[in-house]
Protein chains: 2
Amino acid sequence: MSVAEAVTELSRLLGDRLSQSKSDRDTHGQCESHFDPAPPDAVAYPESTEEVAEIVRICAAHGAPVVGWGTGTSLEGHALAVRGGVTVDFARMNRVLEVADEDMLAVVQPGLTREDLNTDLRATGLFFPVDPGANASLGGMAATRASGTTAVRYGTMRHNVLGLEAVLADGRVIRTGSRAPKSSAGYDLTALFLGSEGTLGLITELTLRLHGQPEAVSAAVCAFPDMGSAVEAVITTIQSGIPMARIEFVDAASAAAFNAYADAGMEETPHLLVEFHGSPSGVAEQAERFGEIVTDAGGSGFRWASKPEDRAALWKLRHNAYFACRAIRPDAWGITTDVCVPISKLAEAVEETAADIGQSGIPGPILGHVGDGNFHSLLLPEAGNKAEWAEAKALAGRMAERALRLGGTVTGEHGIGMGKTAYMDAEHGEGWQVMGAIKRALDPEGLMNPGKLVPANR
Amino acid sequence: MSVAEAVTELSRLLGDRLSQSKSDRDTHGQCESHFDPAPPDAVAYPESTEEVAEIVRICAAHGAPVVGWGTGTSLEGHALAVRGGVTVDFARMNRVLEVADEDMLAVVQPGLTREDLNTDLRATGLFFPVDPGANASLGGMAATRASGTTAVRYGTMRHNVLGLEAVLADGRVIRTGSRAPKSSAGYDLTALFLGSEGTLGLITELTLRLHGQPEAVSAAVCAFPDMGSAVEAVITTIQSGIPMARIEFVDAASAAAFNAYADAGMEETPHLLVEFHGSPSGVAEQAERFGEIVTDAGGSGFRWASKPEDRAALWKLRHNAYFACRAIRPDAWGITTDVCVPISKLAEAVEETAADIGQSGIPGPILGHVGDGNFHSLLLPEAGNKAEWAEAKALAGRMAERALRLGGTVTGEHGIGMGKTAYMDAEHGEGWQVMGAIKRALDPEGLMNPGKLVPANR
């Protein structure tokens, strides 16, 4: 029983779709945040569910860990092979298997990216709304229960996956959910797999809920004198029942970063970026009411983007925020934080965080999906500077503790991976042990993505 | 180790809040559908989570089954004590613990009913939308992943429970979720408990998502020449992105039952009952577009109900459908079916079902939440007539098989309980065994609501 034996058997199964090249192993040993590299022993590129099941059975027989891989855009080290083993890269399982217009659903393979799906859907009048920024794979988004800018209107992956197919740790294949819009038929295994981060099995197919492309879309950016007034405008908008499709906060440092990176021409103060979807008259009404709320809260400098190209530019700016912010200090390590709090605590959470970061002297622009109470700071300690690294980790820790103290969660959308297991006991208490019991029930040997999410003691 | 010892200890703990009276046991040994009575050995009325935990610990120590009880409105025998033991009735844990306006959430005890919660919320401008018809307890609605008329707009319990507290089989208390609108922090234990039907633990507290009371509401009823045209109107409305708050189908037999029961003055043909929520202009626009769709589909006889009392009368009619339909044949046993299919298969599913019921000669009006593809038939075999009983069960079985063949589920909202375990393997295959593995991991002795939902072999 050894990983080497597993690799030999996998080579026989997959031929040159089982790679042991250094470059392939290195590529699959990194993630976008700063973690020590942890390459797998080999990378498998399956082309079907049956192959995935066979890979998992072979790995189980030889005690080799199995790690799933989508596009490698995780920020918490989800797909690092910290105990070696075999990384299963879904790049070759990236097809749209079916689009059912009338049922407003699509059946896809896990390696498909969200942008490719939406390109495919363009002519149907439908779209898949979940948008984490990165052009992530839909399997990865499901495995981390991703969300992003549009969750305030369309929900997260939790709301947009109707069912899935997964290969379990022993190679069994299960299908969860159905094509019906709802069900009360037993434990919600779909929901259990969403956010399980590859620790319970590998997702090999997804049935996704689609939405009608809105008839009319309108977007805007507006400036605020301070954070408090921007957050106040968000809360009032939500409570007024105005259905925002997106509402994003960026702080003064982020606005400055956008100016430097993309010549955005923004005032260097806090901003909200907002979008409305609906009928032409509905969108106009929403935009007008939002405008009044912004003015009342002290906002100004409204710029509307009704033309598709102007909107695309606006959201490109937001999607490139990570790179724009990294460019503030190109020689820095990046620590992306991700907390989510009740809306009533949002101003307090953001202001305390900003003050804490300000005192540290470490650059840390703040931005987030404030309609959900979810915000991030990209902390930028100087590369190689141990004192700054420790200080940045301490800042991130205080953000997490603050979120819990305010009734929130240590991760709104990035997941646990390796980066946040230290907070799981604080957030879930005995519930974390329950997660461990479920893990042991479905993966008694602990071979599925070991070292992530669940308690280490088996 | 015996149930009698558990009851003795529980009497010491609860005094006269532990009842062994025949009437109490009998009341808790029945449900609204036709199942053989199965009374518990005793009924406990706890007043706190701590008491629930102590009850469960005592039962665990003596090997006594534990069954949760809300309002007893289950249609699938969820709360029948088929192996005796102790029924935990949450009637005395029925308080609203907190309403957080700004966060649009409420923290409640599980014995609170949805109507009592909404009465409590009246002055806040907020409401809890999930509406299964019966004035069920919120704990029971969570345990069965209930939905009802408004799910098409506001989602089911899956979408409206942010977090919960539960007592596990060994008496441990866990809290799941948080007060933040979303989270990616590990396995979704909230979702796992929603729909677990008391087999994993007892829910002792719920954090519920509230919604703003709509500024404007408009409801209508309209008639169709046949089922197909009514269903066509529903599909077109959904695909046009018109946000219905409710859209209900009733067939000709149901309309006749409403006339007989409540003098409803309806044409005895298929009908749609619909409701829109939004701003005054939004509702007007939606209503106008819906009117055009109905006319195009061959519908007619629109009656709008804009006044609150007219709307209340309309939905009272719908909510009393169960009693109106039972009154068709007062001496009958009732078998309530509950399937859910993809919208594209709805016409086929309803028409095949109607033809099948028609051939049987057993009364079986059809009605349902067609915006979700969910419909019911209330089958009414003559009480004591074994041949009709067998025929009705066969009809229900064919409905379930038809739903699965069309890509749907054997239960849209009523759950599994005792009534539908026979279909679980057909719907979930190996997934049902996974549910069993999770059950054994969290309740190794099988004492939490035994005989329900999960595979019997341990």
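Keep in mind the model is a prediction, meaning the values are calculated, not measured. (Residues numbered from 1 in each chain as written. Chains lettered and ligands numbered in written order. Predicted model: local features only at pLDDT ≥ 70, side-chain atom pairs only at ≥ 80, totals over all residues.)

1. Observations regarding the overall build of chain A
Regarding its fold elements, chain A presents 17 helices and 19 strands. Against the 2.2 N^0.38 benchmark of 23 Å for 458 residues, chain A shows a C-alpha radius of gyration of 22 Å, consistent with a compact globule. Judged by the C-alpha coordinates and their principal axes, chain A covers about 65 × 55 × 40 Å. When the 458 residues of chain A are sorted by exposure, 58% land in the buried category. Taking all contacts inside chain A whose residues are at least 6 apart in sequence as the whole, residues at least 24 apart take part in 71%. (Helix = DSSP H or I, 4+ residues; strand = E, 2+ residues; numbered from the N terminus. Rg over C-alpha atoms; globule rule 2.2 N^0.38 Å. Buried ≥ 20, exposed ≤ 12 C-beta atoms within 10 Å, placed from the backbone. Contact = placed C-beta atoms within 7 Å.)

2. Section: the interface of chain A and chain B
Facing the 71 residues of chain A at the interface are 70 residues of chain B. Looking at the side of chain A that touches chain B, the elements that each hand over two or more residues are α7 (157-160), β9 (173-177), α8 (189-193), α9 (227-239), α11 (280-296), α16 (424-428) and α17 (430-442) of chain A. Here the side of chain A that touches chain B gets nine residues from one element, more than from any other, and that element is α17(A). Here the side of chain A that touches chain B is built from residues that sort into 26 nonpolar, 30 polar and 15 charged. (Nonpolar A, V, L, I, M, F, W, Y, C, P; charged D, E, K, R; others polar.)

3. Re the domain arrangement of chain A
Frequently, the measure chosen for interface size is the accessible area removed from exposure when the parts meet. On domain assignment, one finds that chain A holds domain 1 (3-91), domain 2 (94-212), domain 3 (216-324), domain 4 (329-405) and domain 5 (420-458). Inter-centroid distance (C-alpha atoms) of domain 1 of chain A to domain 4 of chain A is 32 Å. (Domains from an automatic or database assignment.)

4. A few points about the sheet that holds strand β2 (residues 42-44) of chain A
Residues and elements named next belong to chain A. Spatially, the four strands line up as an open sheet ordered β1-β2-β4-β3, and their pairing is mixed. Two strands close off the open sheet at either side, each with one partner strand: β1 (18-19) and β3 (66-69). Strand direction decides the pairing type here: β3 and strand β4 (residues 86-89), joined by four bridges, are parallel. Paired with W69 across the two strands is D89, which belongs to β4. (Pairing = 2+ DSSP bridges.)

5. Description of unusual backbone geometry
Residue and element names in this part refer to chain A. With a phi close to 55°, E197 is a non-glycine residue in the positive phi region. Mapped onto the elements of the fold, E197 is located in the loop between α8 and β10 (201-209). Taking the C-beta count within 10 Å as the criterion, E197 has 27 such neighbours and is therefore assigned buried. Even without glycine at this site, D263 takes up a positive phi of about 50°. With respect to the secondary-structure elements, D263 resides in the loop between α10 (252-262) and β14 (271-278). Overall, the presence of 8 C-beta atoms within 10 Å leaves D263 in the exposed class.

6. Quick word on the pairing of strand β5 (residues 96-100) of chain A
Residues and elements named next belong to chain A. With four bridges joining them, β5 and strand β6 (residues 105-108) adopt antiparallel strand pairing. For A100, the partnering residue across the bridge sits in β6 and is L105. Counted between consecutive antiparallel strands, the loop separating β5 from β6 contains four residues, among which M104 sits at a positive phi close to 50°.

7. A few points about the packing of α9(A) against α11(A)
Residue and element names in this part refer to chain A. Running from amino to carboxyl end, α9 crosses α11 at an angle of 145°, the nearest separation of the two axes being 9 Å. Of the two possible hands of crossing, α9 and α11 adopt the one that is right-handed. Together, A233, T236 and T237 of α9 and F290, I293 and V294 of α11 make up the contact between the two elements. A per-class count over the contact of α9 with α11 returns four nonpolar, two polar and no charged. (Axes fitted to C-alpha atoms, helices over the stretch in contact; angles between N-to-C directions. Left-handed = near helix turned anticlockwise from the far one by under 90°.)

8. Regarding the relation of the copies chain A and chain B
Overlay of chain A on chain B (RMSD 0.0 Å): rotation 180°, translation along the axis 0.0 Å. Look at the turn and shift together and you get a two-fold axis relating the two. In this assembly, 99% of the residues forming the interface of chain A have copies in chain B that are likewise at the interface, indicating an isologous arrangement. (Least-squares fit on C-alpha atoms with pLDDT ≥ 70 in both.)

9. Description of the sheet that holds β5(A)
Either a parallel or an antiparallel arrangement is found when strands of a sheet pair, and the pairing is made through backbone hydrogen bonds. Residue and element names in this part refer to chain A. Sheet architecture is open: five strands sit in the order β5-β6-β10-β8-β9, paired in antiparallel fashion. The open sheet has two edge strands with one neighbour each: β5 and β9. Sheet twist, expressed as the mean angle between neighbouring strand axes with direction ignored, is 15°.

10. A word on the confidence of the model for chain A
Per-residue confidence for chain A gives a mean pLDDT of 95; residues scoring 70 or more make up 100%. Predicted complex metrics record ipTM = 0.96 and pTM = 0.96. (pLDDT = per-residue confidence, 0-100.)

11. Comments concerning the packing of helix α1 (residues 3-14) of chain A against helix α3 (residues 49-62) of chain A
Residues and elements named next belong to chain A. The contact between α1 and α3 brings their axes to 8 Å, and the two run at 155°. The orientation of α1 with respect to α3, classified from their angle, is roughly antiparallel. Judged by the twist between their axes, the crossing of α1 over α3 is right-handed. Every residue of α3 that contacts α1 at V3, E5, A6, E9, L10 and L13 is listed here: E54, I55, I58, C59 and H62. Partitioning the contact of α1 with α3 into residue classes produces seven nonpolar, one polar and three charged. (Parallel < 35°, antiparallel > 145°, perpendicular 65-115°, else oblique.)

12. A few points about α1(A)
All names here are of chain A. In a regular helix each residue adds 1.5 Å, so twelve residues correspond to 16 Å; α1 covers 16 Å between its end C-alpha atoms and thus fits that length. Of all the residues in α1, the buried ones are A6, V7 and L10. Around the axis of α1, the buried residues are gathered within 100° of arc, so they sit on the same side. Away from its buried face, by an angle of more than 90 degrees, α1 presents the exposed residues A4 and R12. Phi for G15, located one or two positions after α1, is positive at around 60°. (Expected span 1.5 Å × (residues − 1). Arc of directions from axis to C-beta.)

13. A short note on α11(A)
The end-to-end C-alpha distance of α11(A) is 25 Å, a good match for the 24 Å that 17 residues give at a rise of 1.5 Å each. Listed as buried for α11(A) are A:G282, A:V283, A:Q286, A:A287, A:F290 and A:V294. Seen from one end, α11(A) has its buried residues packed into an arc of 125°, which puts them on one side. More than 90 degrees from the buried face of α11(A), the exposed residues found are A:E288, A:E292 and A:D296. Where α11(A) is buried, its residues meet β12 (216-223), α9 and β14 of chain A together with α11 (280-296) of chain B. After α11(A) finishes, the residue A:G298 shows a positive phi value of roughly 95°.

14. Focus on the environment of B:L97
Residue and element names in this part refer to chain B. Relative to the helices and strands, L97 resides in strand β5 (residues 96-100). A count of 12 C-beta atoms within 10 Å places L97 in the exposed class. In sequence terms L97 and I335 are 238 residues apart; their C-alpha atoms lie 37 Å from each other. Residues contacting L97, with those up to four places away along its chain left out, are V107, V108 and Q109.

15. Observations concerning the pairing of strand β8 (residues 161-168) of chain A
All names here are of chain A. Burial runs high along β8: eight of the eight residues are buried. Two elements, β8 and β10, share seven bridges in a ladder whose sense is antiparallel. Note on β10: the bridge partner recorded for L168 is G201. As paired elements, β8 and β9 share five bridges and run antiparallel to each other. Within β9, the residue paired with V167 across the bridge is V173. Where β8 folds back onto β9 in an antiparallel hairpin, the turn is made up of four residues, including G171, whose phi is positive at roughly 90°.

16. Notes on the environment of A:E165
All names here are of chain A. In this fold, E165 is placed in strand β8. Considering only alpha carbons, one finds E165 and T176, eleven residues apart in sequence, at a separation of 6.3 Å. Residues contacting E165, with those up to four places away along its chain left out, are T49, V173, R175, T204 and E205.

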